[in-house]
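# Structural overview
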Amino acid sequence: MVTAIAIVRLKDLFAVIMLSGIYSLLSASFFVTMDAVDVAFTEAAVGAGISTLLLLVAITMTGRAEHPDRHKPILALAVVTVTGGLLIYGTFDMPYFGSGQAPVHLHVAPRYINDSMTEVGVPNIVTSVLASYRGFDTFGEVVVIFTAGIGVLALLSVVPRPVTIAKINSLNDSLHEQHLILRIVSKMLLPFIMLFAFYVQFHGDYGPGGGFQAGVIFAVAIILYAMLFGMITARRVINQSFIQLIAAVGVLLYGSIGVVALLNGKNFLDYSVLSDDPIAGQHLGILLIELGVGLTVASVMIIIFFSFAGRRDYLRHLNDNSKGSNNTSC
Amino acid sequence: MLAHLPVLQVIVPLLAAPLCLFLTRSRLVWVFALAVSALAFLISCLLLQQVMSSGTIIYELGGWEAPWGIEYRIDPLNALLLLIITGISTIVLLAAHTSIQQEIPEERHTFFYILYLLSLAGMLGIVATGDAFNVFVFLEISSLSGYALIALGKDRRALWAAYQYLIMGTIGATFILIGIGLMYQMTGTLNMEDLSKRLPEVEHTRTVFTAYAFIIVGICLKLALFPLHLWLPNAYAYAPSIVTAFFAATATKVAIYLLIRFTFSVFGLTFSFTALPLQILFLTLGLLGIFAASTAAIYQKNVKHLFAYSSIAQIGYMIVGFSVSTTTGLMATLLHLFNHALMKSALFLALAAVVYRIGSVQLSQFHGLGRQMPFTMAAIVIGGLSLIGVPLTVGFVSKWYLIMAVIENGWWPVAVLILLGSLLAVVYVWRLVEAAYFKPPLPGRDTIKEAPLSLLIPVWILVIANIYFGIDTRLSVQVTQAASMSLFGVSP
Amino acid sequence: MGHYNYWIVVVLMMIGFYIVIAHGNLIKKIIGLGIFQTSVFILYISMANVEGGTAPILAEGISRYSNPLPHVLILTAIVVGIATTALGLALAIRIKQAYGTIEEEEIQKKDNLDC
């Protein structure tokens, strides 16, 4: 994991972003060796996928060269050394790595491992903890994503300009010549990516996966489409305000499952009320909330990407109109 | 439904936020958000009443009992915080519709209200929960929406302020995450109640010490404790006025709450104050904060900056009370928390009215406003008096208790320093009064009128609250006393 | 054996932290933040590991599983991380547009000149 050090030194942001993608991928493979398959899946999709993509779109707007810094790094170095030293100091009393006798393995967790099958009835323990035992955390997580989506929209949304069909066609023609092979291959791939997203969505009970990962994969499919066929075409296929509503529906779906439990006299997010048999209820509840997670995540990722890309088009448009006239005073 | 109040407190604003997207008109969204916030306020009143009469309320989310599931645990301290947050939020929202007309472009109004509700829900979630990791999740909800809200400010410096806040806030949150991880590693649990039972067994270990240090530093970043306050003045000065009024009154209070909760409930008093030289550290930082920030406030040209620095100084007073670590000291901190929320929301809301009329908060633009906007300026003056700690205002009550607590401990020099700090407040409030009442109005500004009623009414509700709670201290004293006693494990 | 794993994590964490506080480029700061957070994730996942354990998906004939709880926490934390990154980038884009630069020093200089 020398990648991290290279990131510090390099000035070209493009290379830095690529390296940070590699870093994420390496951590993901580390997570696999640590038996954290769900986490690895997510880290690969998010760290190496979505966030690299967003960073790349961002640098197309902000420029890729980092200025040589004239900072005095000594203070920063001192802060870092103190913090790191404190952490190292803290590690001395930690239980040994991989030790089965560590407190984390003796308290709380054993119940998940031993009883989750009878209490929740889902083989993937991560899913049962995520969606049921600590379902409220996951609800919070969905809201965090929703918040980010709304935040990005509030910052970057621009009123879309009307586009004529002719312009799209001309754009399409030019793209056709450029990326013909890419476009045909990806057109074939797209349905499979989406199919895989659905598989991950509904198979989360049994194997690694679930709403979050599925949402990301689904969003990637849409983004791929947008990148190859142009933003304008993609916008026509997917309506902006419609996606915003989907994002809201995802959160509301999750929340309303909780409210249903409330109305039946049980506590918030107690899924056992959803069916006569508590286990079946848990099953149904997990399925539904995972769907809510998937909906929100996919739509927010698409919103964020479209806002970023839409901003880029908007800037380009501004530049075309007012070349040379610099008006950044206050 | 009464049994579900703790969770309703949080999920009502949380679920209302996405619903806003379905409403089309900005005015409608405002009415809806206001209704939701008022409902949350009602819930918090009921909760407080329940807690005061029958003790701590525990609510198991998902029906899973505590260390396995997440629980909400409402004791007098949480209930007080919930009341402050929802109360201030409702009054501030009352003024929002008028104020943001001038400051935020029309098409972003819906987003503004959604983010506002999310931020509210996030803060309520942090306060209500009894689970350490859940704190982190809701902290992020409130912070992310906070960054976006600040960035909505008109001035381009709002963006830069929001970015700096984002970096500092995320570092703080990550520090807290590291701390929680280390605690979990040593105990195997995330539930605060369970942690407090299991930590004593391992409290001598270096890992727990590190965990505590990271959590405290992380919280202090969020708290803007001197010298980690650098992000705060710009964030407050360039955010939309409504956002400033809301955050100044609530966001740092939530951080203080976390500090108290982790120090007293999770780690326990004996550990917290013996592991680190915390008492002397906080006392020094608190006092330094009071003086450095009050002095900085005197030299500000922007009135929002002035009051932002004064906020940092007020945080200093709370930290001093905290460092006394007796029931009276803690009570003073909590009282000041309650009172400062009232003062600062009144002041910043009055500034929102000034911005609405003259579009600026530079001190030089305040000349002659005393005659042109008499009610708004009167509100600012009363708020300022309260900041100083003049009798018959809330500021007096908390200063009184703080000095009592310090003297009880025999710290005479500290008491003198606190009084000196108040003198600095006199200076910066006087500069404002001088500009507004003793300078002739600027040329070409004869047409400035008093702010509209939709802004004046919320401002004056808060001003009257400032005076009312300064005279009738029964409610605030009773609740803070119960809260600090329950933290010290004494039954009232 | 023993703690070496945690030490590597600490070093990685501090590299990320250093990038955040020492570098002036806004995008690079966000990347640093990402590295900082990812390293914290590794810390959590490391503590979940049990020697000889398998992934926490119940199956016949296996009795030793890794601890699922940190996995769940980190899933949540990853999501929070991407949310922060997205918002930070959105801010950086707006800053570039408003100031014409994304270098900390230059922005500060422009602010001092202002008004």
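Quick notes on the rules
Residues numbered from 1 in each chain as written. Chains lettered and ligands numbered in written order. Predicted model: local features only at pLDDT ≥ 70, side-chain atom pairs only at ≥ 80, totals over all residues. Heavy atoms only, no water. Helix = DSSP H or I, 4+ residues; strand = E, 2+ residues; numbered from the N terminus. Buried < 20%, exposed > 50% of the residue type's maximum accessible area, 1.4 Å probe, protein only. Contact = heavy atoms within 4.5 Å. Areas by Shrake-Rupley, 256 points an atom, 1.4 Å probe, with all protein chains shown as cover. Buried area = accessible area lost by both parts, 1.4 Å probe. Salt bridge = Lys/Arg side-chain N within 4 Å of Asp/Glu carboxyl O. Polar contact = N/O pair within 3.5 Å; in protein donor to acceptor, adjacent residues only side chain to side chain. Nonpolar A, V, L, I, M, F, W, Y, C, P; charged D, E, K, R; others polar. Expected span 1.5 Å × (residues − 1). Patch = residues over 30% accessible without salt bridge, like charges linked within 9 Å, V, L, I, M, F, W, Y side chains within 5 Å. pLDDT = per-residue confidence, 0-100.

### Some points on the overall build of chain A
- Tallying secondary structure elements over chain A gives 14 helices and 0 strands in all.
- Looking at the 330 residues of chain A, the share that counts as buried comes to 53%.
- Put simply, 70% of the contacts in chain A that link residues at least 6 apart link residues at least 24 apart.
- On chain A, roughly 14,000 Å² of surface is accessible, and the fraction owed to carbon and sulfur atoms is 68%.

### Quick notes on the interface of chain A and chain C
- Facing the 96 residues of chain A at the interface are 76 residues of chain C.
- Both sides together, the interface formed by chain A and chain C hides about 7,700 Å², and carbon and sulfur atoms give 75% of it.
- Contact with chain C buries area across many residues of chain A, yet A:Asp35, A:Thr62 and A:Phe97 alone supply 9% of it, more than any other trio.
- Our count for the contact surface shared by chain A and chain C stands at 0 salt bridges.
- Summed over the shared surface of chain A and chain C, the result is 4 residue pairs in polar contact (both at pLDDT 80 or more).
- For the side of chain A that touches chain C, the element with the most residues is helix H3 (residues 37–62) of chain A, which contributes 14 residues.
- Residue classes in the side of chain A that touches chain C are distributed as 64 nonpolar, 20 polar and 12 charged.

### Focus on the pattern of salt bridges
- Inspection of every chain in the model, using the stated rule, returns 9 salt bridges over all chains.
- A salt bridge links B:Asp131 to A:Arg134, with the nearest nitrogen and oxygen atoms 2.7 Å apart. Taken together, the positions of B:Asp131 in the loop between helix H4 (109–128) and helix H5 (132–151) and A:Arg134 in the loop between helix H7 (125–133) and helix H8 (135–156) put the pair across two chains.
- According to the relative accessible area criterion, B:Asp131 is buried, its value standing at 1%.
- Since its relative accessible area comes to 1%, A:Arg134 is described here as buried.
- Residue B:Arg474 is joined to B:Asp472 by a salt bridge in which the shortest nitrogen-to-oxygen separation is 3.0 Å.
- Each member of the salt-bridge network shares a partner with another, and the members are A:Arg111, A:Glu119 and B:Glu65.

### As for helix H13 (residues 240–263) of chain A
- With 24 residues, H13(A) ought to run about 34 Å at 1.5 Å a step, and its terminal C-alpha atoms sit 34 Å apart, in line with that.
- Within two residues after H13(A), A:Gly265 carries a phi angle of roughly 85°, on the positive side.

### A few points about the interface of chain B and chain A
- In this assembly, 61 residues from chain B lie in contact with 54 residues from chain A.
- Together chain B and chain A conceal approximately 5,200 Å² of surface at their shared face, both sides included; 71% is due to carbon and sulfur atoms.
- Considering only the surface of chain B that becomes buried against chain A, B:Trp64, B:Trp68 and B:Arg206 emerge as the three largest contributors, covering 16% of it.
- Where chain B meets chain A, there are 2 salt bridges.
- Within the residue set of the side of chain B that touches chain A, elements represented by two or more residues are helix H1 (5–20), strand E1 (57–60), H4, H5, helix H6 (157–187), helix H7 (192–202) and helix H8 (206–223) of chain B.

### A few points about a nonpolar patch on the surface
- A cluster of nonpolar side chains, contributed by A:Tyr89, A:Phe92, C:Tyr4, C:Trp7 and C:Ile8, occupies part of the molecular surface with about 470 Å² of accessible area.
- Ranked by the residues each element gives to the nonpolar patch, the list is headed by helix H1 (residues 4–22) of chain C, at 3 residues.
- Mapping C:Trp7 onto the fold places it in helix H1.

### Section: the confidence of the model for chain A
All names here are of chain A.
- Confidence along chain A averages 78 in pLDDT terms, with 83% of residues attaining 70 or more.
- Averaged over each element, pLDDT in chain A is lowest for helix H9 (residues 165–178) (57) and highest for H8 (90).
- This stretch, residues 323–330, has a pLDDT under 50; its non-local contacts, to residues over four places away or in other chains, come to 5 contacts.

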